[in-house]
Every structure is written in C-alpha cells, then in structure tokens.
Amino acid sequence: RLTRAAIVELDSLLAVLQNIHLQEGQDVRRLTTTQRPFSSRDAYDALSPSPSIQDFHGRWIWQTKVPNKVKIFAWLYFKDRLSTKANLFYKNVKEDAICSRCEHPMEDRHHTFFGYPLSRDTWYTIGLGLLSTMDDTDVWTLPTAVQQDPATWPSILLTILWRLWEARNSTIFRSETHLAREVISRICDDLTIQ
C-alpha cells in the first residue's frame, strides 16, 4: 500500500525512466550535473543549495535565543512539516484532516496557529492579529510595526508559535483546555527566562 506521496514519486520515476535506453557494455554511474563518475560529495553538492541561495527562514531561526527543541520545531513549522492532521492525512496516517478540537474541515498549519479560536484569541490579545494575514517571509519584519526590538522579535515569534503548538497538543493528547491568557502567561514566563 503506497502513500499519496509515494504514488506521486513512483509516477515521476516511471516518467523519467521512459526516456532511458539501455545499451550493451559496462554501466558507469555519472551525475548529470558534473558528468563525472558518481561520488557522495558531488551528489551532496548537487542536492545542496548553492551558496548564493540561502535558506531564508534558517538565518532567522538559528540565531534566536530559544531552546534547540523550539528551533527545530520552528524549522518544521516554516517547512510545513509539523504533524497537523492535514499533513498526517496526506501521508495516509489519518483517515481525515478534520480538526479534532473544533471540527474545522482542515487542520492545516494556518488553522492550527491562526484560525483555531484559542490561537486567534492569543494573537489578538497580544495585539498581533494582523500576523495571520502575513506571508511567512514578512513575519520577520513585523517588529517595526509593533515597536519591538528587531533583535529580539524572532525569539518572541518562535516562543508564541511554540506555546500555541504545545496548547494544541495538550488538548488533543491530554484533553486539557486552555484560555488565551494562560498561553500568554506561559509565553511571558518563557521570555523572562530567556
């Protein structure tokens, strides 16, 4: 049984293999990018972005003063690889993508962090409701709009996202309920410690 992703990958592979014609003689593995015999180093270089193309979010995430688990969480958040029901449904792990907390038809990243009532209330209570309409690349420049020090803003943003994710998980896995003020209190505690 193949996942949806595996079916797409298999179709892509079969399409590429249709243009391959086998010939007599010894096989030589070459990378199309270098035309040299295969080496792990060349393969890594081919798969890695060139030095001129840097990961936009990575430069913001890794410089923050949050715990490593929050940095890894943020990396997954910006790559849209968190285990939301929509992502689990796409991987054939769940039978549907319906939000377990509010019955919204799609528990994707946007719903989890901005559309779910607790998340929405948290953002509006702290005066950042406009964040839900912003593109991922624009969220890093928000501090000037809220008179926040640009050097501390990435850590604040990641802390808020982390606490919303934790609240989501505790509701789903431990049946706990939360209010926006509780989430904000935990965010303030985290920022005081940092």
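So, here is what we can say about the structure in this document. Since the structure is predicted, the reported quantities are computational estimates derived from the model, not experimental observations.

Regarding the overall build of the protein chain
- Scanning the protein chain from N- to C-terminus turns up nine helices and zero strands.
- From first element to last, N terminus to C terminus, the protein chain shows the α and β order α-α-α-α-α-α-α-α-α.
- Computed over the C-alpha atoms, the radius of gyration of the protein chain is 22 Å, more than 25% above the 16 Å expected from 2.2 N^0.38 for a compact globule of 194 residues.
- Here the C-alpha coordinates of the protein chain stretch approximately 70 × 40 × 25 Å along the principal axes.
- Relative to its 194 residues, the protein chain shows a buried fraction of 34%.
- Sequence separation of 24 or more characterises 52% of the internal contacts of the protein chain that already satisfy a separation of 6 or more.
- Accessible area for the protein chain stands at about 13000 Å²; split by element, carbon and sulfur atoms hold 55% of it.

So, the pattern of salt bridges
- Throughout the structure, instances matching the rule amount to seven salt bridges.
- Here Asp-42 and Arg-36 are joined by a salt bridge, their closest N and O atoms 2.7 Å apart.
- Among the charged side chains, a salt-bridge network with shared partners connects Arg-163, Glu-166 and Asp-190.

Quick notes on the packing of aromatic side chains
- Overall, the coordinates contain 11 aromatic pairs when judged by the stated rule.
- Taking 5.4 Å as the distance between ring centres and 75 degrees as the angle between the ring planes, the aromatic pair formed by Phe-73 and Trp-162 counts as edge-to-face. Residue Phe-73 is found in helix H4 (residues 68–78), and its partner Trp-162 is found in helix H8 (residues 153–174); the two are separated by 89 residues along the sequence. Each member of the pair, Phe-73 together with Trp-162, is buried.
- Their ring planes at 35 degrees and their centres at 5.1 Å tell us that Phe-78 and Trp-140 sit as a pair that is tilted.

Section: the nonpolar core
- Residues Phe-73, Phe-113, Trp-123, Trp-140, Leu-157, Leu-158 and Leu-161 are the most contacted members of the largest nonpolar core, which totals 33 residues.
- Contributions of two or more residues to this core are made by helix H3 (56–61), H4, helix H6 (109–115), helix H7 (117–125), H8 and helix H9 (180–193).
- Ranked by residue count, the leading element in this core is H8, at 10 residues.
- Beyond its immediate stretch of four places on either side in the chain, Leu-158 contacts Ile-61, Thr-64, Val-66, Val-70, Phe-73, Ala-74, Phe-78 and Trp-140.

Thoughts on H4
- All of the buried residues along H4 are Val-70, Lys-71, Phe-73, Ala-74, Tyr-77 and Phe-78. Seen end-on, H4 carries its buried residues on one side only, within an arc spanning 160 degrees. In H4, the exposed positions that point more than 90 degrees away from the buried face belong to Asn-68 and Lys-69.
- Looking at the buried positions of H4, the neighbouring elements they touch are H3, H6 and H8.
- Positive phi appears at Asp-80, one or two residues downstream of H4, with a value of about 55 degrees.

Cut-offs used in this document
Residues numbered from 1 in each chain as written. Predicted model: local features only at pLDDT ≥ 70, side-chain atom pairs only at ≥ 80, totals over all residues. Heavy atoms only, no water. Helix = DSSP H or I, 4+ residues; strand = E, 2+ residues; numbered from the N terminus. Rg over C-alpha atoms; globule rule 2.2 N^0.38 Å. Buried < 20%, exposed > 50% of the residue type's maximum accessible area, 1.4 Å probe, protein only. Contact = heavy atoms within 4.5 Å. Areas by Shrake-Rupley, 256 points an atom, 1.4 Å probe, with all protein chains shown as cover. Salt bridge = Lys/Arg side-chain N within 4 Å of Asp/Glu carboxyl O. Phe/Tyr/Trp six-rings, centres within 6.5 Å; stacked < 30°, edge-to-face > 60°. Core = buried A, V, L, I, M, F, W, Y, C linked by side-chain atoms within 4.5 Å. Arc of directions from axis to C-beta.

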